[in-house]
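Residue-level structure breakdown
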Amino acid sequence: MSLLLDNQFKELPPDKSIDTKLFLDTVSHLPSFFDCLGSKIFSPIKSDISGNITKIRGVYVKDPEKYATLKSILEAEREEHAEWPKAGATLALMWLKRGLRFIQILLQSLADGEKDENNPNLIKVNVTKAYEQALKKYHRWMVQGIFSAALVAAPYRSNFLKALSKGEEVKEEDCLANVRHFLVNYTPTVDAIYEMYTDMNAELDYTV
Ligand code: 03F
């Protein structure tokens, strides 16, 4: 089975609220994907994503009813932390959503068939597009250097698609169909998190 379809996001309800437990259960499958990419250079990225999931779960488990939706977490923390939004699960989700946006743009670009015609089995154009749109403006030169190193270690397109299919030999077209199917609920979920940050004035643009 496809990794993507095993971890399909649920359709959002009309009010676009995101159930915290469902969200955490779905995103917690993402970090293990980095182990399939076959390079240690991805470790800091994996830890950053896992760390943010752990921080959000840490808040959620303190009171699952109170923190039933992601919005309820932001609203509660806004009252509790003087330095909000640079605090708690609000800050963790602010960064996690940027990683999720990166993944969305990367997968969408692959699904759309964007490629370097001279190197059709490389995914550098897709990865670079995702980085420039989702993350670059939050990174100073040192972290941009981690990106450059990761880009060199980026897998071949065929291996990346194979990893998304849990190592099984799946036809490229079938794998891309799974990617498109995955994006149907994934993209609106990421969009809804971004909208929530804008609506609540919780977005920050400091660099690391
Ligand atoms: C800030 C910052 N986090 C952290 O300092 C940086 C960490 C390293 C970032 C390196 C970027 C390189 C990305 C490009 C990878 C290319 C790989 C291509 C392979 C295909 C925050 O950290 C903390 O998070 C927060 O908790 C803390 O409190 O200021 C705050 C304090 O600092 C980031 O910039 C977030 C980085 C997220 C990167 C996500 C990249 C995802 C890469 C690949 C995904 C592969 C696709 C998987 C598909 C699977 C589908 C099932």
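Residues numbered from 1 in each chain as written. Predicted model: local features only at pLDDT ≥ 70, side-chain atom pairs only at ≥ 80, totals over all residues. Heavy atoms only, no water.

With an unreviewed UniProt entry as reference, the chain is termed Glycolipid transfer protein-like, source organism Xyrichtys novacula. Word for word, the UniProt comment on the chain under Sequence similarities (unreviewed entry) is "Belongs to the GLTP family." Comment text from UniProt for the chain, heading Function (unreviewed entry), reads "Accelerates the intermembrane transfer of various glycolipids. Catalyzes the transfer of various glycosphingolipids between membranes but does not catalyze the transfer of phospholipids. May be involved in the intracellular translocation of glucosylceramides." (UniProt positions renumbered as here; feature names shortened; annotations may be inferred.)

1. Description of the pattern of salt bridges
Any two side chains of opposite charge can pair, on the condition that their charged atoms come close. Inspection of the entire model under this criterion finds 15 salt bridges. The residue Lys16 makes a salt bridge to Glu195 at a minimum N-O spacing of 3.2 Å. Here Lys16 is found in the loop between α1 (3-6) and α2 (20-27), whereas its partner Glu195 is found in helix α10 (residues 172-199), with 179 residues between them in sequence. Accessibility expressed as a relative area gives 41% for Lys16, which makes it partly exposed. Overall, Glu195 belongs to the partly exposed group, its relative accessible area being 37%. Close ionic contact of Arg157 with Glu172 constitutes a salt bridge, the shortest N to O distance being 2.8 Å. Placement of the pair is Arg157 in helix α9 (residues 157-164) and Glu172 in helix α10, with a sequence separation of 15 residues. On the basis of relative accessible area, Arg157 is assigned to the buried category, the value being 3%. Residue class for Glu172 comes out partly exposed when judged on its relative accessible area of 36%. Through salt bridges with shared partners, one network takes in Lys21, Asp25 and Arg57. (Salt bridge = Lys/Arg side-chain N within 4 Å of Asp/Glu carboxyl O. Helix = DSSP H or I, 4+ residues; strand = E, 2+ residues; numbered from the N terminus. Buried < 20%, exposed > 50% of the residue type's maximum accessible area, 1.4 Å probe, protein only.)

2. What about the packing of α9 against α10?
Two quantities define a packed helix pair, namely the angle between the helix axes and the distance between the axes. Running from N to C, α9 and α10 cross one another at 60°; their axes reach a closest spacing of 10 Å. Our classification of the angle between α9 and α10 gives oblique. The two elements α9 and α10 cross, and the hand of that crossing is left-handed. Two secondary-structure elements touch here, α9 through Arg157, Leu161 and Leu164 and α10 through Glu172, Cys175, Leu176 and Val179. Its residues assigned to classes, the contact of α9 with α10 comprises five nonpolar, no polar and two charged. (Axes fitted to C-alpha atoms, helices over the stretch in contact; angles between N-to-C directions. Parallel < 35°, antiparallel > 145°, perpendicular 65-115°, else oblique. Left-handed = near helix turned anticlockwise from the far one by under 90°. Contact = heavy atoms within 4.5 Å. Nonpolar A, V, L, I, M, F, W, Y, C, P; charged D, E, K, R; others polar.)

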